[in-house]
Structures are given as C-alpha cells and as structure tokens.
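Observations on the three-dimensional arrangement
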Amino acid sequence: MRIAVLGGGAWGTTLAGLAAAQDHQVRVWSRSGALSLGEVLAQAEAVFSCLPMAAVAGAIDQVLALGLPAGAIVLNATKGLDRRTARPASSLWQARFADHPLVVLSGPNLAAEIRAGLPAATVVASADGQAAGRIQQCLASERFRVYTSADWRGVELGGVLKNVIAIAAGVSDGLGLGANAKAALITRGLAEMIRVGTHWGGLAETFYGLSGLGDLLTTCNSPLSRNYQVGFGLGKGQPLEAVLEHLQGTAEGVATAAILAEYARRSALEVPITEQVCAVLDGLRPPTEALAALMTRRLREEGGG
Ligand SMILES: NC(=O)C1=CN([C@@H]2O[C@H](COP(=O)(O)OP(=O)(O)OC[C@H]3O[C@@H](n4cnc5c(N)ncnc54)[C@H](O)[C@@H]3O)[C@@H](O)[C@H]2O)C=CC1
Ligand SMILES: O=C(CO)COP(=O)(O)O
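My aim in this report is to walk through the structure given alongside it, one point at a time. (Residues numbered from 1 in each chain as written. Chains lettered and ligands numbered in written order. Predicted model: local features only at pLDDT ≥ 70, side-chain atom pairs only at ≥ 80, totals over all residues.)

Some details on the site of ligand 2
- Within the structure, ligand 2 sits among 13 residues, and Asn109, Leu110, Ser225, Arg226 and Asn227 are positioned closest to it.
- Listed by contribution, the elements that provide at least two residues to the shell around ligand 2 are α7 (152–175), α9 (210–221) and α10 (226–235).
- When its residues are assigned to classes, the shell around ligand 2 shows three nonpolar, seven polar and three charged.
- Here the shell around ligand 2 gathers at least three residues from each of two domains, domain 1 (2–150) and domain 2 (153–295). (Near = placed C-beta within 6 Å. Helix = DSSP H or I, 4+ residues; strand = E, 2+ residues; numbered from the N terminus. Nonpolar A, V, L, I, M, F, W, Y, C, P; charged D, E, K, R; others polar. Domains from an automatic or database assignment.)

Structure, rendered in structure tokens:
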C-alpha cells in the first residue's frame with residue numbers, strides 16, 4: 001500500500017516503521033520533515049493520522065484544501081477529544097471526508113516498546129469491514145498482532161478515556177497509595193469509561209478489550225506512559241507546569257480531562273474520577289484531598305452504571 005503518515009512524533013514514526021517493515025511505501029509529513037503535505041498525500045491509498053489532538057483540525061483543513069485520492073482510507077490513531085466539539089478525532093475526519101472509509105486504531109501500544117521490537121497487539125475498527133481488513137493485513141506481523149472490530153466508536157473512546165485514568169493512577173503511585181488503591185482506581189475508572197463511552201455510542205463489551213482494559217493496564221502501570229508521568233509528578237507534589245516542562249511528548253489526558261468534565265457537567269454524566277483529576281490538574285485541590293473526596297462519596301452498590 002502507499003501510505004501517508006501525518007505526524008512525525010513518537011506514534012507516527014512508530015506506525016510508519018511498522019508499515020515500512022511490511023514493505024509498504026510510506027511517506028511521513030511532519031512540521032520539521034522534508035516532504036510537503038501534497039507530496040505525502042499524492043497517490044496515497046491510506047492516510048494514517050497520528051497527530052496530537054491539538055493539531056488535528058488544522059491538518060484536516062490543509063488536507064481538504066489539497067484533496068485526498070479517491071477511495072483512500074483515513075485511519076485515525078490520535079487519542080484525544082476536540083476542544084470545540086468534545087468529540088474524538090475520528091468525528092472530525094468523518095465530518096469532512098464522509099466519502100472515505102474511516103478506520104480507528106487503538107490498543108495498549110506504548111510507542112517506545114514497539115520501537116524496541118517488543119510484542120504488542122492492537123485493534124483496527126471500522127463500520128467498513130473491508131477497510132479494517134486491509135489495515136489489519138497491512139500492519140500485522142510476528143511482533144504486532146492486529147484485531148478488527150466493527151465498534152469504531154468504542155475502540156476509539158477506550159484509548160481516549162483511559163488517558164485520564166492513567167493520570168489518576170500516576171497520582172496514586174506518586175502518593176504511594178499501594179496496589180489495592182490502584183486496583184480500585186483502575187476498576188472504577190473502567191466503570192466510568194463505560195458510562196461515558198456507551199453514552200457516546202460505544203458498546204460496553206468493547207471496553208473490556210484491548211483498547212479499554214488493555215490500554216488501561218499498560219498506561220496505569222508503565223512509567224513510559226506520558227499521562228502516568230503527569231499524574232506521578234502531581235502525586236509527588238510538583239505543580240503541573242513543572243511536570244509538563246520536563247515531559248517528553250504529548251499527554252492528551254490533561255486536555256481530555258477538562259473537556260470531558262465540562263461535557264459531563266452539561267450532560268448530567270457522573271465522572272467522579274475525571275472531576276478529581278481536573279481539580280488536581282487545575283491546582284484547586286491537593287492530591288490527598290482529591291483522594292478523600294473519592295473515598296467519601298455517597299455509598300452505593302458496585303455496578304457500572
Ligand atoms: N506515543 C505513544 O505511545 C502513542 C501515542 N498515541 C497518540 O498519538 C498522538 C500523537 O502522539 P505522539 O506521537 O506520542 O506525540 P509526540 O508528542 O511524540 O509528537 C507529536 C508530534 O506532533 C507535532 N506537532 C505538535 N503540534 C503540532 C501542530 N500544531 N501541527 C503539526 N504537528 C504538530 C510535534 O512536533 C511532534 O512531532 C496522541 O494523540 C497520542 O495519544 C497513541 C498510541 C501510542
Ligand atoms: O496510548 C498510549 C499507549 O497505548 C500512550 O500512552 P501515553 O500517551 O500516556 O504515553
């Protein structure tokens with residue numbers, strides 16, 4: 001396949017490497033790269049959008065001005081929410097490229113591990129099964145196992161929403177709260193993700209798969225996760241600005257938490273962990289007080305709803 005990769009950060013270069021290793025023709029567009037967007041898009045059969053969320057709307061405008069080759073598959077690998085619409089990145093692509101098959105890719109995929117040749121699995125999801133199958137064939141290898149799914153909303157939201165819970169898990173470890181606390185946080189975090197994800201049209205069972213639970217386990221436990229690193233720093237008492245200054249790369253959960261909390265307030269959705277993450281990120285509440293607020297909520301039945 002001829003593949004255009006948008007974004008030369010950790011994820012874009014990693015996905016480009018996986019595709020190139022399967023002998024596909026790959027061209028990468030990045031702000032500091034040698035190729036123009038037009039050169040990268042020319043004759044592309046698939047466009048992999050691996051940009052940080054903040055860059056997606058602008059990139060879509062530029063792609064729209066140049067046009068996409070007919071039938072090109074748009075694959076979204078960004079894990080974030082759009083500030084203006086509170087929708088995930090694929091909705092922005094879908095709104096402007098309705099004639100193109102849309103695929104989302106998400107899973108427990110720390111770029112640094114994949115680049116080091118460690119094994120990993122992911123999900124490519126689409127309403128167009130043929131398009132998902134083409135991307136599956138294109139990327140699958142001995143080291144990278146690729147599953148398909150029809151629930152593209154759920155698969156994308158799993159990756160988007162877990163970033164907020166990964167920040168909370170980092171805070172928990174930064175405070176030294178132990179394994180019981182983190183297990184409670186991950187489990188109740190998953191319930192919160194399912195509440196939000198099903199509200200936005202994802203299927204509950206999808207969140208128990210690679211892109212939900214799988215990605216939660218990875219990012220809530222690995223210091224390689226940038227979102228976890230942000231939480232860990234906050235748990236250690238550092239201000240957000242100081243943590244972000246030293247962070248290598250993008251932590252989408254910081255913006256996602258604020259966008260989700262605002263949306264949830266307007267829509268009467270219960271997102272207690274996200275609310276506390278926001279309070280800590282905004283410096284409105286020290287992490288110990290956020291913990292106390294979660295522990296003393298109204299007592300209730302376990303359930304996910
Ligand atoms: N790194 C990882 O392990 C994974 C990342 N992702 C997702 O992929 C997306 C990109 O993440 P990374 O590649 O890790 O980020 P990164 O921080 O490594 O790189 C981001 C790249 O985008 C460029 N950029 C920043 N603002 C831009 C703008 N306004 N216009 C054009 N380019 C801009 C930067 O120069 C940089 O090259 C995020 O949504 C992330 O959640 C998904 C799975 C794994
Ligand atoms: O989404 C990821 C792994 O699946 C990357 O996580 P971070 O963005 O927290 O580094």
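Remarks on the site of ligand 1
- What surrounds ligand 1 is a group of 25 residues, the closest being Gly9, Trp11, Ala55, Ala111 and Gly249.
- For the shell around ligand 1, the secondary structure elements donating two or more residues are α1 (10–21) and α3 (53–66).
- Among the elements that line the shell around ligand 1, the one with the most residues is α3, at four residues.
- When grouped by side-chain class, the residues that make up the shell around ligand 1 number eleven nonpolar, eleven polar and three charged.

Quick look at the nonpolar core
- Counting 95 residues, the largest nonpolar core has Val5, Val47, Phe48, Leu75, Val103, Ile135 and Ile165 as its most contacted members.
- A total of 13 residues in this core trace back to one element, the largest contributor, which is α7.
- Summarising the domain contributions, this core has at least three residues from each of domain 1 (2–150) and domain 2 (153–295).
- If near-sequence neighbours (up to four positions away) are discounted, Phe48 is found in contact with Ile3, Val5, Leu6, Leu15, Leu75 and Ala77. (Core = buried A, V, L, I, M, F, W, Y, C linked by C-beta atoms within 7 Å. Buried ≥ 20, exposed ≤ 12 C-beta atoms within 10 Å, placed from the backbone. Contact = placed C-beta atoms within 7 Å.)

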